[in-house]
Number of protein chains: 2
Amino acid sequence: MGIIVQKFGGTSVADVEKIKNVAKAVIREKNNGNQVIVVVSAMGHTTDYLVKMANEISDNPNPREMDMLLTTGEQVSIALLTMAIQAQGHAAVSMNAMQVGIITECNHTKARIVDIKTEKLYSHLNKGEIIVVAGFQGVTPDGEITTLGRGGSDTSAVAIAGALNADRCDIYTDVEGVYTTDPRIVPNATKLSEISYEEMLELAHVGANVLHPRSVETAKQYNVPLRVRSTFKLDDLGTYITGVDNMEIYKPVAGVAADLSQIRVVICDVPDEPGSAAKIFDALSKSDVSVDMIIQSYGRNDGTNDVAFTVSKSDYEKTMEIVKNVIKEIHAASVLVDEDIAKVSIVGAGMVDRPGIAASMFKALAEEGINIKMISTSEIKISCLVEKNDAHKAIQALHSAFNLDAKEVAVVMGDLPDV
Amino acid sequence: MGIIVQKFGGTSVADVEKIKNVAKAVIREKNNGNQVIVVVSAMGHTTDYLVKMANEISDNPNPREMDMLLTTGEQVSIALLTMAIQAQGHAAVSMNAMQVGIITECNHTKARIVDIKTEKLYSHLNKGEIIVVAGFQGVTPDGEITTLGRGGSDTSAVAIAGALNADRCDIYTDVEGVYTTDPRIVPNATKLSEISYEEMLELAHVGANVLHPRSVETAKQYNVPLRVRSTFKLDDLGTYITGVDNMEIYKPVAGVAADLSQIRVVICDVPDEPGSAAKIFDALSKSDVSVDMIIQSYGRNDGTNDVAFTVSKSDYEKTMEIVKNVIKEIHAASVLVDEDIAKVSIVGAGMVDRPGIAASMFKALAEEGINIKMISTSEIKISCLVEKNDAHKAIQALHSAFNLDAKEVAVVMGDLPDV
């Protein structure tokens, strides 16, 4: 008998019938002989509906009150799912974040979990009860209600699994697992049966929407084995995400992803003085603007550099305001913004051991006539910034170049293009 | 500067526009120089919608989970109202029952308040903030979420006012105050400017829907002056409800009301032995059936009595089950049920000092050919059970007989029919 944490997102509990189906999936795991904790999100469009009302009342709703408002969505879900489990004859109990003790810092709308109390959870589990916990929400030591921001419910589930040292955390969603790339772009994208935390993390960061990087980071930190699987195909085991040590196969390239949510900002003719770049990125970070790729050109003869970086489209206005102030301060010439960009990435834990992967990537893109605007690399990821119009073509080319088209990814990896 | 508690019901916060209006009413009281606490119910039909989903999931939803579900309704209201107050430029903070510390017993769906913590409330008031509190809900010392049952939000407001020793508790509603009788039945029913707790309590118990008796009881207990007033006519002061000692005028009859929600049960031929009646009412009370009027006939020569009583229609099935068992035990002959009844009552604190009020009532009913089936009296109330079809006619006759038709109730009282 083990402890299994299951997480079901908003589409999985969108209506009463779907909630009844989720109850079946929960009971199935319980009948397998496990102790089960279920984490759920708000029903379907509940959050959108609540946000709409808030926006009708205020142009700039107070973050504390937004948290008070939005946390009701998950509380509705846990009550209804618990009733559905009980109606199918099993003991169950719902708990909101305050009742569990999901303790966060007091940073409304994007709080981070600092502690999870396990006493009440164990007490209910030991009574044989299925526990249904509200995802996405937390409470500060002072009793203030917080939400965890993007990827919140996944993070709730993984953090609870970590706190209880659970045997597995199953993230149920509307896709069947993690794919080598977006199946809507590359029809013969294949589902990965296994992937490492690190690879998943990079894939998540570069635009694969299956899991928020934050939940993967938490899983990695607490070494919680994750499974991404479909709510609607319970017999399908989905994709297993675990530490590299636990994995049988290292793949040089596990997946390809594109991120179309960024813009590129170029600050031209930045005087080549110590601290110029620091001033730019310090100002951005103080305003909570998260910068992704950064490239600084080699110093030119005229004693200036160009500094280019990418930020999320949603930070566009804030970024421009900051940058316009900073360029005066550092005596840079001007700012260019490019909105029509895409970041295309390949990810694979096996990359470290194989030389030439980067070269293969650049070659594959060049053969399609795709111009690379910026490059960034990590140990297990290479990202290239390209024209937005080239994004689909780039993904298809890379998926094909690294032989991800085949059904058995693990096998094909040996046939990597010789570089 | 005083402390004012305001309470707004579901119709007052039914949509975003109405919430903005409520914010105005709140700020108006703040601008009068008062410290303000607002208690709100769930928006319009939210509760019905949640109950509907629960019933689709389970024939018999677990009471604990119902409380978990329904308390979200008030939490949505407090967040939105707080945003609306803030949007109009005033400092405000929302608090649910757990945050305030509205401590109840652990009796789900009908918990009673045992304590209200005032520390956080005072702390926010002293910062000049308007506090918006979720009505209808409580929390047990163990952190279980409860609801207060019928009349819950009014009771929350009054109890908070009591705990803070507030100067007044204003119950805003969709009527303009307390009337001498239901204006839908008697068009020239008049609004009372003042009424005592005791009279209001009797009126509430006999079917006036303005305030739940529970909230009036609480107000009386803590000596909290209440005002019932309209959300939509803020300049109208409504009806002031306070202790008899504070009132200028004693009226023999303050109002007339009818209650059509009861049924009459008659147990025939109950052997005239000690303890027979006790067995009946003990069994009913153990099953939480609340009995209103009770009449036991004089003992007959054959050594039996008839015992008649009224209960709420909603307890019909439970009552019949209990009674069928009890009549075997006490060897009574049979049970009769009469569903087509109405309880018509006159209420007035001045009744004690004036003889003949009862006789006037019976005479007024007799003149209309209305048959009286049962009578019960208290110090400030006389109730008659009549045929349901006679209810309207009875109310009109009584309203007229006690000269409540006139605009100035206090004056007309002197013209009471000589009896």
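What you are looking at is a predicted structure, and each value in this text was computed from that prediction instead of being measured. (Residues numbered from 1 in each chain as written. Chains lettered and ligands numbered in written order. Predicted model: local features only at pLDDT ≥ 70, side-chain atom pairs only at ≥ 80, totals over all residues.)

### Comments concerning the overall build of chain A
Counting secondary structure elements, chain A contains 13 helices and 20 strands. In terms of principal-axis extent, the alpha carbons of chain A reach across some 75 × 55 × 35 Å. Counting all 419 residues of chain A, 49% fall into the buried class. (Helix = DSSP H or I, 4+ residues; strand = E, 2+ residues; numbered from the N terminus. Buried ≥ 20, exposed ≤ 12 C-beta atoms within 10 Å, placed from the backbone.)

### Here we look at the interface of chain B and chain A
Listed per partner, the contact involves 29 residues of chain B and 29 residues of chain A. Among the secondary structure elements, those contributing two or more residues to the side of chain B that touches chain A are helix H1 (16-31), helix H2 (46-57), helix H3 (63-87) and helix H4 (97-100) of chain B. Examining the composition of the side of chain B that touches chain A, we find that 14 residues originate from one element, H3(B), more than from any other. (Contact = placed C-beta atoms within 7 Å.)

### Examining the pairing of strand S1 (residues 3-8) of chain B
All names here are of chain B. Of all six residues in S1, five are buried; the element is thus mostly enclosed. Here six bridges tie S1 to strand S2 (residues 35-40), and the two strands are oriented parallel to one another. From the neighbouring strand, phenylalanine 8 faces S2, where its bridge partner is valine 40. Of the crossover connections in this fold, the one passing from S1 over H1 to the parallel S2 is right-handed. Sheet analysis places S1 next to strand S9 (residues 168-173), joined by five bridges and oriented parallel. Its bridge partner being in S9, lysine 7 is matched across the sheet by isoleucine 171. (Pairing = 2+ DSSP bridges. Right-handed = clockwise from strand over helix to strand, strands pointing away.)

### A short note on the sheet that holds strand S13 (residues 255-259) of chain A
Residues and elements named next belong to chain A. One open sheet accounts for four strands, arranged S13-S18-S20-S19; its pairing is antiparallel. Each of the sheet's edge strands pairs with one partner strand only, and the pair in question is S13 and strand S19 (374-378). Strand-to-strand twist of the sheet, defined as the mean angle between neighbouring strand axes without regard to direction, takes the value 20 degrees. Inspection of the sheet shows S19 paired to strand S20 (residues 381-387) by five bridges, in the antiparallel sense. Bridging across to S20, isoleucine 375 finds its partner in cysteine 384. Along the sheet, helix H11 (residues 357-367) makes contact with strand S18 (341-347), S19 and S20, crossing S20 at roughly 20 degrees. Contacts from helix H12 (residues 391-401) reach S13, S18 and S20, with the element oriented near 15 degrees to S18. (Axes fitted to C-alpha atoms, helices over the stretch in contact; angles between N-to-C directions.)

### Overview of the relation of the copies chain B and chain A
When chain B is fitted to chain A, the residual RMSD is 0.2 Å, and the transformation amounts to a turn of 179 degrees plus an axial shift of 0.1 Å. Such a combination of turn and shift is consistent with a two-fold rotation axis. It is Thr72(B) whose C-alpha, among those of chain B, lies nearest the rotation axis, at 2.5 Å. A share of 100% of interface residues in chain B that are also interface residues in chain A marks the association as one of identical surfaces. (Least-squares fit on C-alpha atoms with pLDDT ≥ 70 in both.)

### Looking at the environment of Asp236(A)
All names here are of chain A. Along the chain, aspartate 236 falls in the loop between strand S11 (226-230) and strand S12 (239-242). Given 12 C-beta atoms within 10 Å, aspartate 236 falls into the exposed group. Taking C-alpha positions, aspartate 236 is 7.4 Å from glutamate 176, a pair spaced 60 residues apart along the chain.

### Let's talk about the sheet that holds S11(A)
All names here are of chain A. Strand order in the open sheet formed by eight strands is S3-S6-S2-S1-S9-S11-S12-S10, with mixed pairing between adjacent strands. The two strands at the open ends of the sheet, each matched to only one other strand, are strand S3 (92-95) and strand S10 (194-196). Strand-to-strand twist across the sheet, computed as the mean angle between neighbouring axes with direction ignored, equals 20 degrees. Looking at chain direction, S11 and S12 are connected through three bridges and run antiparallel. Bridging from a neighbouring strand, arginine 227 pairs with tyrosine 240 of S12. Contacting strand S1 (3-8), strand S2 (35-40), strand S6 (130-134), strand S9 (168-173) and S11, helix H6 (residues 152-163) runs over the sheet at an angle of about 175 degrees to S1.

### A look at the environment of Phe136(B)
Considering the arrangement of structural elements, one finds Phe136(B) in the loop between strand S6 (130-134) and strand S7 (137-139). Separated by 96 residues in sequence, Phe136(B) and Val40(B) have C-alpha atoms that sit 8.5 Å apart.

### Some thoughts on the nonpolar core
In terms of nonpolar packing, the biggest core is built from 234 residues, with Leu81(A) and Leu81(B) touching the most fellow members. Counting contributing residues, this core receives three or more from each of domain 1 (3-174) and domain 2 (247-419) of chain B. Among residues more than four places away in sequence, those in contact with Leu81(A) are Val13(A), Ile19(A), Val22(A), Ala23(A), Val38(A), Val40(A) and Val132(A). Ranked by size, the runner-up nonpolar core spans 13 residues in total, among them Ile267(A), Val307(A), Ala308(A) and Ile327(A). (Core = buried A, V, L, I, M, F, W, Y, C linked by C-beta atoms within 7 Å. Domains from an automatic or database assignment.)

### Side note on helix H9 (residues 276-286) of chain A
All names here are of chain A. Of all the residues in H9, the buried ones are Ser276, Ile280 and Leu284. Buried positions in H9, seen along its axis, are confined to an arc of 65 degrees and lie on one side of it. Counted as exposed and oriented over 90 degrees from the buried face of H9: Ala278, Asp282, Ser285 and Lys286. Considering only its buried residues, H9 is in contact with strand S14 (262-271), strand S15 (291-296), strand S16 (304-312) and helix H10 (316-330). Residue aspartate 288 follows H9 closely and has a positive phi angle near 65 degrees. (Arc of directions from axis to C-beta.)

### A few points about the pairing of S12(A)
Where S10(A) meets S12(A), three bridges bridge the pair, whose relative direction is parallel. Among the inter-strand pairings, Glu194(A) is bridged to a residue of S12(A), identified as Tyr240(A).

### Some remarks on the confidence of the model for chain A
Residue and element names in this part refer to chain A. Averaged over chain A, the pLDDT score is 87; the fraction of residues at 70 or greater is 92%. Across residues 407-419, confidence stays below pLDDT 50; counting only partners more than four residues off in sequence or on other chains, it has 21 contacts. Here the prediction assigns the complex a pTM of 0.77, and the interface score ipTM is 0.76. (pLDDT = per-residue confidence, 0-100.)

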